[in-house]
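# A structural walkthrough
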Amino acid sequence: MKIIHCADMHLDSKMTANLSKDQARERKGEILRTFAKMIEYAKNNHVTAIIIAGDMFDTRNVSVTARNLVTDLIWKNPEIDFLYLRGNHDTNNFLSQMEERPENLCVFQENWVTYTYDQVAISGIELNAENALTAYNSLVLDGEKFNIVTMHGQIAGYKSKDNAEVISLDDLKNKNIDYLALGHVHSFQMEQLDNRGVYCYPGCLEGRGFDECGPKGFVVLDIDTRTRTATTEFVSVAARTLYTLPVDVTGVHTTQDVAERIEQTIAQTGIPSTSLVKLLLQGEVDVESEINTEFLAEQFAEYFYFIKIYDETKLLINYTDYANDISLKGEFIRLVQASDLSEEEKSLVIRTGILALQGEEISL
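This one's a predicted model, so the numbers in the text were calculated from it and none came from an experiment. Sequence order as written defines residue numbering, which begins from 1 separately in each chain. Per-residue local features of the predicted model are confined to residues with pLDDT of at least 70, and side-chain atom pairs are confined, for both listing and counting, to 80 or more; whole-chain, interface and lining totals are unaffected and use all residues. Here the side-chain values reflect all heavy atoms present in the structure, with hydrogen atoms and water set aside.

## What to know about the sheet that holds strand β15 (residues 242-248)
Whether two strands pair depends on DSSP finding at least two bridges between them. For helices the rule is a DSSP run of H or I covering at least 4 residues; for strands it is a run of E covering at least 2, with both sets numbered from the N terminus onward. The three strands are arranged β15-β16-β18 in an open sheet whose pairing can be described as parallel. Looking at strand neighbours, the two that pair on one side only are β15 and β18 (306-311), the edges of this open sheet. For this sheet the average axis-to-axis angle between neighbouring strands, irrespective of direction, equals 20 degrees. As defined by bridge partners, β15 adjoins strand β16 (residues 276-282) across seven bridges and the pair is classed as parallel. If you follow leucine 245 over to β16, its bridge partner there is leucine 279. Contacts are assigned to residue pairs that have any heavy atoms within 4.5 Å of one another. Axis definition: a line fit to C-alpha positions, over the contact stretch in the case of helices; interaxial angles, taken between N-to-C directions, run 0 to 180 degrees. Taken strand by strand, helix α4 (residues 255-269) contacts β15, β16 and β18, and its axis lies near 130 degrees from that of β15.

Structure follows, in structure tokens:
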């Protein structure tokens, strides 16, 4: 028996961060098509059920296109059960706006609900402030079955970025859980829960920002109902991948020098041209080095679907070289050096000032 575990699709996300209006619209459509692609995979590989562990949508007001796409895909695949648990980004709008709910759309609620498939039991609960403390004691599972438990939230010990409920792994240990299907964290993560089971975040289907780099997709559980054991496989399905790529530019003096380092780094990585890439310029450079990130971004714009470049270099400043410099530049550097600013702040002020003295346009 095969089951898909996915989460955090964030369908209908605006995708406006970083991207142009046309690119945002295109990426918004790509996320919907990736969701459809996952269901096509389920259909072709005889998947019994798809667990959606929260945040299927991104906003309260779901577009007609997104709502119709999801509803149509559920109706047209009656052989697949869709087990939907709402996350902290979901509302009841999607379900309430249905004229008729498909029989294969199974929902979890604020109390434990269990769906059984022969020797496999899939239980889930939507956590909130009212049930967060009582949910663990009320979970009772049959140890003779393969038990999947579905929840959405941030595991204890980590800070939640969007006020999602905290999930206590300690309170879920020794509960006869074989697979804890979680949602909320946008990168794949699988760890041992206890001697019997594991917990897993499948991550999101598509990365939306540079805090969501790397392969994105879903997890397939292949369960042997006779032995009540399972194997898992992460299936990468994203239309595009996001990368953060450090580039060592130590010792460069000009923008062209930096361009050559970027060329070398890109050639070594083999990143597909369909990707979204953030380049981080790192290393130590001379105080009078000239690095124009806007020019570089335009120069490399055709290499990838989207590229942005950040200058994180540190300035090499030998203050003794300017101790007796009678130029305006020397006076400026001595003034900054004598200030109470931190070394990082001094470096930023000096870099900005040198550029201004050279007649460069300063963008803050």
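## A closer look at the sheet that holds strand β7 (residues 146-152)
Here six strands make up an open sheet; going across it, the order is β5-β6-β7-β10-β12-β11 and the pairing mixed. Each edge of the open sheet carries a strand with a single partner, namely β5 (113-117) and β11 (189-192). The average angle at which neighbouring strand axes cross in this sheet is 20 degrees, direction not considered. Where β7 and strand β10 (residues 179-183) come together, five bridges link them in parallel fashion. Paired with methionine 151 across the two strands is leucine 182, which belongs to β10.

## What to know about helix α2 (residues 64-75)
Between the first and last residue of a helix there are one fewer steps than residues, each counted as 1.5 Å, and that sum is the expected span. Taking 1.5 Å as the rise per residue, α2 with 12 residues should run 16 Å; its terminal C-alpha atoms sit 16 Å apart, in good agreement. Every buried residue belonging to α2 is among Ala66, Arg67, Val70, Thr71, Leu73 and Ile74, and all of these are buried. Along the axis of α2, the buried residues cluster in a sector spanning 165 degrees; they form a single face. Away from the buried face of α2 by more than 90 degrees, exposed residues Val64 and Thr65 are located. Along its buried surface, α2 packs onto α1 (21-44), β3 (81-85), α3 (93-96) and β4 (105-107). The buried label goes to any residue with under 20% of its type's maximum accessible area, the exposed label to any with over 50%, and the partly exposed label to all in between, with areas taken from a 1.4 Å probe on protein chains only. Throughout, the arc means that of the directions going from the helix axis to the C-beta atoms.

## Description of unusual backbone geometry
Of note, the phi angle at aspartate 118 is positive, near 55 degrees, even though the residue is not glycine. Position of aspartate 118 among the secondary structure elements: in the loop between β5 and β6 (120-124). Here aspartate 118 falls in the exposed class, since its relative accessible area comes to 55%. Its identity as a non-glycine residue notwithstanding, asparagine 174 has a phi of 60 degrees, on the positive side. Looking at the secondary structure, you find asparagine 174 in the loop between β9 (166-167) and β10.

## Regarding the pattern of salt bridges
Counted as salt bridges are all cases of a side-chain nitrogen of Lys or Arg within 4 Å of a carboxyl oxygen of Asp or Glu. In the structure shown here, the tally under the stated rule is 14 salt bridges. Residues arginine 86 and glutamate 126 are paired through a salt bridge, measuring 3.0 Å at the closest nitrogen-oxygen approach. Residue arginine 86 is found in the loop between β3 and α3, and its partner glutamate 126 is found in the loop between β6 and β7; the two are separated by 40 residues along the sequence. We classify arginine 86 as partly exposed; its relative accessible area is 25%. What makes glutamate 126 buried here is its relative accessible area of 8%. Counted as one network, the salt bridges with shared partners bring together Glu26, Arg27, Glu30, Glu206 and Arg240.

## A look at the packing of aromatic side chains
In this analysis, rings of Phe, Tyr and Trp, with Trp reduced to its six-membered ring, are considered paired at centre separations within 6.5 Å, and the interplanar angle assigns stacked below 30 degrees, edge-to-face beyond 60, and tilted for intermediate values. Summed over all chains, the structure comprises five aromatic pairs. Both rings, one in phenylalanine 188 and one in phenylalanine 234, keep their centres 5.1 Å apart while their planes meet at 45 degrees; by these two values the pair is tilted. Taken together, the positions of phenylalanine 188 in the loop between β10 and β11 and phenylalanine 234 in strand β14 (residues 229-236) put the pair 46 residues apart, joining distant regions of the chain. Owing to a relative accessible area of 26%, phenylalanine 234 belongs among the partly exposed residues under this scheme. Two conditions define a charge sitting above a ring: the NZ of Lys or the CZ of Arg must be within 6 Å of the ring centre, and it must be within 35 degrees of the ring normal. Note that arginine 240 overlies the ring of tyrosine 305, its terminal NZ or CZ placed 3.7 Å from the centroid.

## A word on α1
Here α1 contains 24 residues, and its C-alpha end-to-end distance of 35 Å stays within 8% of the 34 Å for a straight helix at 1.5 Å per residue. Gln23, Ala24, Arg27, Gly29, Glu30, Ile31, Leu32, Thr34, Phe35, Met38, Ile39 and Ala42 are the residues of α1 that are buried. Backbone geometry just downstream of α1 places histidine 46 in the positive-phi region, at approximately 55 degrees.

## Digging into the side chain of serine 123
As for its position among the elements, serine 123 is in strand β6. The exposure class of serine 123 is buried, given its relative accessible area of 2%. Discounting residues that sit within four places of it in the chain, serine 123 has contacts with Phe108, Trp112, Val113, Thr114, Leu141, Ile148, Val149 and Thr150.

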